[in-house]
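Summary of the model geometry
So you can see what is in the structure, the chains are spelled out below.
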Amino acid sequence: MRTDLVVIGAGPAGLAASLAAAARGVRITLVDAAPRPGGQFYRQPAAALADRHPRDRRSPWTPRASRHGQRTWRRLREALEGQIAADRITQLTDHHVWCLAREPDGFAVHALRGPEQEEPFVVRAAAVLLATGGYEKVLPFPGWTLPGVVTAGGAQALLKGGRVVPGRLAVVAGTGPLLLPVASGLAAAGTRVAALVESAAPGSFARQARALAAEPGKAVEAAGYGARLLRHRVWVLAHHTVVEAHGTDRVTAVTVAALDADGRVRAGTRRRIPCDCLAVGHGLLPHTDLAETLGCRVDGGRVHVDGEQRTDVPGVWAAGEATGVGGVELALAEGHIAGRSIAARLTGAAPDPRGARHAAARRAALRRFAAALDLAYAPCARWPELVTEDTVLCRCEEVRAGTVREAVRDLGAGDLRTVKLLTRAGMGWCQGRMCGSAVAGVAGCPEEVTRRPFARPVPLGVLAGEQPE
């Protein structure tokens, strides 16, 4: 299959870029791993679930958290349907991209299609847009592998996509703006949220007050979440952290404690909170695997782009969380700029900056706001001190913190690669994507950009060029 542009990711950035480019005559193939477009923010339930639960504003299955931005989503969806009907956009859902390869006349995008991810499929194009989004960062603590402990984004995905709750008595913990919609969404769906445990200190927001005040709409949104938490009587514990999750077959309680100014647990502040679900997250990390495969420059864990959202690899653009986590509005602005740029460059013209002036201004403002949020919500630097020796860091290979510390202390490991070779941490199914930050933090090593040949596991039959039976 050949097209002008392959857009990888049908979230806000990918949709905005596809629509902007298609409106200017570019033929697009939109590839996404999910069964329906929208990404995590606009995640939609399966058609059968949508029919089963009417879209009633009073329904517990349509909490305000899931309705946020629905006007924009409807506009995007209707425009996408129009471009598909006009044969300008070909949409490929349930296609999992595992590799990008440069060719003399463009790029080959290799994907595995279907829920089993075993059937190979290749799309060739002159240009590629990486709108691969982000994934959650979870810092380990004793008991974090117990059943009932889920990521905050996982809890939100269950609510939006499956219309189910992960438990009846929940604690939401960690740090970051995602905790607010998750806690309010769970409460609106019928879960009793015992506490929202936020490790950021109130003073950290005061220090970023000028930058945060530049986006008053965000403050109103946060206040709305706060009001809903108050209405549902959710106990908010600021500058606290989860010390341990308790249970045998399932989480039954968590111990939380207050933090001092240096990020250490304050003596005498530990308290135990019963729960059957713990939703925990510590912010998001950009998905950069495909960019790294192509050799794109990655700075500070994010894909480096210029003012047109171009990477340093000719023919490759990037937009959205892959270039730095900043929320849905920033992703939409970056996607629009990228789509216009791609359309102009494919025709051999320079993009007209006047057409994207508003999007560029919003991008600059929202990047400043995102940078301030990053500083305000920075995870506690002393979290490794709470990780006990028997806490699992790498779940794939079952490597514990004590093993990693021994490699550093007794075997002289001074970098993440050496720790990996000595302990097997990061050698499992996820290849360190999920545990890399945790292993680096406990080992005291800087995180490294790892250029992997594949972005996800691939059947050997596909690599051998054979169709699986």
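Calculation rules
Each chain has its residues counted from 1, following the order in which its sequence is written. The predicted origin of the model limits local features to residues at a pLDDT of at least 70 and limits the giving and counting of side-chain atom pairs to 80 or more, whereas totals for whole chains, interfaces and linings rest on all residues. Side-chain numbers here rest on the full set of heavy atoms in the structure, without hydrogens or water. Simply put, an axis is a line fit to the C-alpha atoms, just over the touching stretch for a helix, and the angle between two N-to-C directions goes from 0 to 180 degrees. Going along the chain from the N terminus, every DSSP run of H or I of four or more residues is numbered as a helix, and every run of E of two or more is numbered as a strand. Crossings are classed by handedness, with left-handed meaning an anticlockwise turn of the near helix from the far one by less than a right angle and right-handed meaning a clockwise turn. Residues count as neighbours in contact if any of their non-hydrogen atoms are within 4.5 Å of one another. When residues are sorted by character, Ala, Val, Leu, Ile, Met, Phe, Trp, Tyr, Cys and Pro go into the nonpolar class, Asp, Glu, Lys and Arg into the charged class, and all the rest, Gly among them, into the polar class. Only Phe, Tyr and Trp rings are paired, with Trp represented by its six-membered ring, and only when their centres lie within 6.5 Å; those with planes under 30 degrees apart are stacked, over 60 edge-to-face, the remainder tilted. Using a 1.4 Å probe on the protein chains alone, a residue whose accessible area is under 20% of its type maximum counts as buried, one over 50% counts as exposed, and one in between counts as partly exposed. The score called pLDDT rates the predictor's confidence residue by residue, from a low of 0 to a high of 100. Among the buried residues, those of types Ala, Val, Leu, Ile, Met, Phe, Trp, Tyr and Cys that are joined through side-chain atoms within 4.5 Å form a nonpolar core. For two strands to be treated as a pair, DSSP must find at least two bridges joining them. Note that a disulfide, as used here, is simply two cysteine sulfur atoms within 2.5 Å.

Let us now look at the packing of helix H11 (residues 328-346) against helix H12 (residues 357-376). Here H11 crosses H12 at 140°, and the two axes come no closer than 9 Å. In this structure, the crossing between H11 and H12 has a hand that is left-handed. Here H11 contributes Glu329, Leu330, Ala333, Glu334, His336 and Ile337 to the contact with H12, which in turn contributes Ala359, Ala360, Arg362, Arg363, Leu366 and Arg367. When its residues are assigned to classes, the contact of H11 with H12 shows 6 nonpolar, 1 polar and 5 charged.

Quick look at the packing of aromatic side chains now. Inspection of the entire model under this criterion finds 4 aromatic pairs. Judged by centre distance (5.0 Å) and plane angle (85°), the rings of Phe41 and Tyr42 are edge-to-face. On the accessibility criterion, Phe41 (29% relative accessible area) is partly exposed. On the accessibility criterion, Tyr42 (2% relative accessible area) is buried. Measuring from ring centre to ring centre gives 5.0 Å for Phe205 and Tyr377, while their planes differ by 80°; the resulting arrangement is edge-to-face.

Moving on, we come to the confidence of the model for the protein chain. Note that predicted coordinates carrying low pLDDT should not be read in detail. Confidence in the prediction for the protein chain averages 89 pLDDT; 94% of positions are at 70 or higher. Note that pLDDT drops below 50 for residues 53-66; the model gives that stretch 25 contacts with residues more than four away or on any other chain.

Ranked by internal contacts, the top residues of the largest apolar core, which has 29 residues, are Leu5, Leu15, Ile28, Leu30, Leu76, Ile89 and Leu129. For this core, the secondary structure elements donating two or more residues are strand E1 (2-8), helix H1 (12-22), strand E2 (28-31), helix H4 (70-85), strand E6 (119-130) and H11. Per-element accounting of this core gives the leading share, 7 residues, to H1. The residues contacting Leu76, other than those within four sequence positions of it, are Leu15, Leu19, Tyr42 and Leu332. Val6, Val31, Val109 and Ala322 belong to the second-largest nonpolar core, a separate cluster that totals 25 residues.

What follows is about the environment of Val109. Mapped onto the secondary structure, Val109 falls in strand E5 (residues 106-113). For Val109, a relative accessible area of 2% translates into the label buried. Each C-alpha atom of the pair Val109 and Pro37 lies 19 Å from the other, and the pair is 72 residues apart in sequence. In this view, Val109 contacts Val6, Ile8, Val97, Cys99, Leu100, Phe121, Val122, Val123 and Val128; residues no more than four positions away in its chain are not counted.

Before going further, it helps to examine the sheet that holds strand E10 (residues 192-198). Judged by pairing direction, the sheet is parallel, and its 5 strands sit side by side in the order E8-E15-E9-E10-E11 without closing on themselves. The outermost strands of the open sheet, each flanked by one partner alone, are strand E8 (149-151) and strand E11 (235-238). Along the sheet, successive strands turn relative to each other by an average axial angle of 20°, direction set aside. Note: strand E9 (residues 169-174) against E10, 6 bridges, orientation parallel.

As a further point, take the state of the cysteines. A full pass over the atoms with the stated rule returns 0 disulfides. In this model Cys277 remains outside any disulfide bridge; the closest cysteine sulfur is found in Cys275, 7.2 Å from its own. By relative accessible area, Cys277 is classed as buried at 0%. Here Cys430 is not cross-linked by a disulfide; its sulfur's nearest cysteine counterpart is in Cys396, at 4.1 Å. Classification of Cys430 by relative accessible area gives buried; the value is 16%.

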